[in-house]
Amino acid sequence: MKKYLFCFAVLVFLFFKVNIYAESIFGIGYGKIVLPSNSGINSLIAPDGENTNAPYIYWNIGAGYGFGYGLALSGYSITKYVSDSSGTTSNEWNISNFSIFTQYQIPLSSNKSGPLLGFRLGGTIAPVSYNSVSTASSSGKRSASQTRFGPYFGADIQIPLGNTSFVVFGTVEKSVVTSTVLSQSVNVGALSYAAGLGYHFR
C-alpha cells in the first residue's frame with residue numbers, strides 16, 4: 001500500500017508540473033471490459049472473467065512525440081447471484097478506475113501529423129462498493145466500501161482525421177487491484193479495450 005501511495009504522489013507531482021499550455025487530447029469512447037478471475041467461493045460471489053461494457057474518458061497532456069502525462073476514467077458494475085436451499089443472495093459490485101499515467105509516444109510514419117503509438121505506465125485509484133442482499137432473512141444485508149490502489153499498464157493508438165483537430169483513438173489497459181471488502185483478497189482490476197473520438201488542443 002505505501003509503495004502505491006508513493007508512486008501516486010510522484011505521478012501527481014509530475015503531472016501538474018507539466019505546462020498547462022502544452023498540447024493535449026481529450027477523448028471520449030466506449031469499450032469492452034474483461035473482469036478479473038477469482039477462485040474458490042470468490043468466483044461465485046465476485047467478478048470472475050465476465051465481460052461487460054462501459055464508457056471511457058481520457059485526457060493526455062503533452063500530446064505528441066516523446067513523453068506525456070495523462071488521466072483515464074473507466075469502471076464497471078456487476079451483480080452475482082448465489083442460490084441455495086435457504087434462498088438467493090445478490091452480490092453487487094461497483095468499481096471505478098481513476099488512472100494516472102506517464103506515456104511515451106512513437107510516430108508510426110514520417111509525417112508529423114500521422115498516427116502515434118503510445119505506451120502507458122502508472123497507477124490506479126479504485127473506489128470499491130459492495131452490497132449483498134439475501135432473501136433468506138430480512139437482516140441478510142451487507143454493505144462495504146473502500147478505496148484501493150494498484151499499478152496500471154496500457155497502450156493506445158491515435159489516428160488523426162485529416163487536417164482537423166480530431167483523432168480516432170483505441171486503447172488497451174490493465175489495472176491490478178485487489179479488494180478486501182470480503183475480509184480476503186479479491187481481484188477487481190479489469191482488462192479494458194476501448195475506442196472513441198478525441199479532440200487535439202494545440
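**Q** So, empty space enclosed by the protein: which residues are in play, and what are the values?
**A** Scanning the entire structure with this criterion turns up one cavity of 30 Å³ or more. Of the voids in this model, the largest cavity is the one considered here, and its volume is about 60 Å³. Of all the elements in the fold, those that place two or more residues in the lining of the largest cavity are β7 (166-175) and β10 (191-201). Counting residues per element, the lining of the largest cavity draws most heavily on β7, at three residues.

**Q** Which residues make up the pattern of salt bridges, and what values do they have?
**A** When the charged atoms of two side chains lie near each other, side chains of opposite charge can form a pair. What the rule picks out here adds up to three salt bridges. Where aspartate 156 meets arginine 120, a salt bridge forms, and the shortest distance between an N and an O atom there is 2.8 Å. A residue pair is termed long-range when its members are at least 10 positions apart, and aspartate 156 in strand β6 (residues 141-160) and arginine 120 in strand β5 (residues 116-134) qualify at 36 residues. The exposure class of arginine 120 is buried, given its relative accessible area of 5%.

**Q** Could you give an account of the packing of aromatic side chains, with specific residues and numbers?
**A** Applying the stated rule across the entire model yields eight aromatic pairs. Each ring, one from tyrosine 58 and one from phenylalanine 169, has its centre 4.9 Å from the other, and the planes form 70°; the classification is edge-to-face. With a gap of 111 residues between them, tyrosine 58 in strand β2 (residues 51-61) and phenylalanine 169 in strand β7 connect regions that are remote in the sequence. Phenylalanine 169 shares its class with tyrosine 58; the two are buried. Ring centres 4.8 Å apart and planes at 65° place the aromatic pair phenylalanine 67 and tyrosine 104 in the edge-to-face group. Linking phenylalanine 67 in strand β3 (residues 66-84) with tyrosine 104 in strand β4 (residues 87-107), this pair joins segments that are 37 residues apart in sequence. A relative accessible area of 38% means that tyrosine 104 is categorised as partly exposed. Against the face of tyrosine 58 rests arginine 120, its NZ or CZ located 5.0 Å from the ring centre.

**Q** Before we move on, could you go through the pairing of strand β1 (residues 24-34) and cite the residues and values that matter?
**A** Where β1 meets β2, 11 bridges bridge the pair, whose relative direction is antiparallel. Across the sheet, isoleucine 33 pairs through a bridge with threonine 52, a residue of β2. Relative to β10, β1 runs antiparallel, the two being bridged by 11 bridges. Pairing of glycine 31 across the sheet is with alanine 194, part of β10.

What counts and what doesn't
- Residues numbered from 1 in each chain as written.
- Predicted model: local features only at pLDDT ≥ 70, side-chain atom pairs only at ≥ 80, totals over all residues.
- Heavy atoms only, no water.
- 1 Å grid on protein atoms, 1.4 Å probe; cavity = no way out; pocket = protein on both sides within 12 Å on 5 of 7 lines; lining within 4 Å.
- Points joined across faces, edges and corners; volume = space filled by probe spheres on them.
- Helix = DSSP H or I, 4+ residues; strand = E, 2+ residues; numbered from the N terminus.
- Salt bridge = Lys/Arg side-chain N within 4 Å of Asp/Glu carboxyl O.
- Buried < 20%, exposed > 50% of the residue type's maximum accessible area, 1.4 Å probe, protein only.
- Phe/Tyr/Trp six-rings, centres within 6.5 Å; stacked < 30°, edge-to-face > 60°.
- Lys NZ or Arg CZ within 6 Å of the ring centre and 35° of its normal.
- Pairing = 2+ DSSP bridges.

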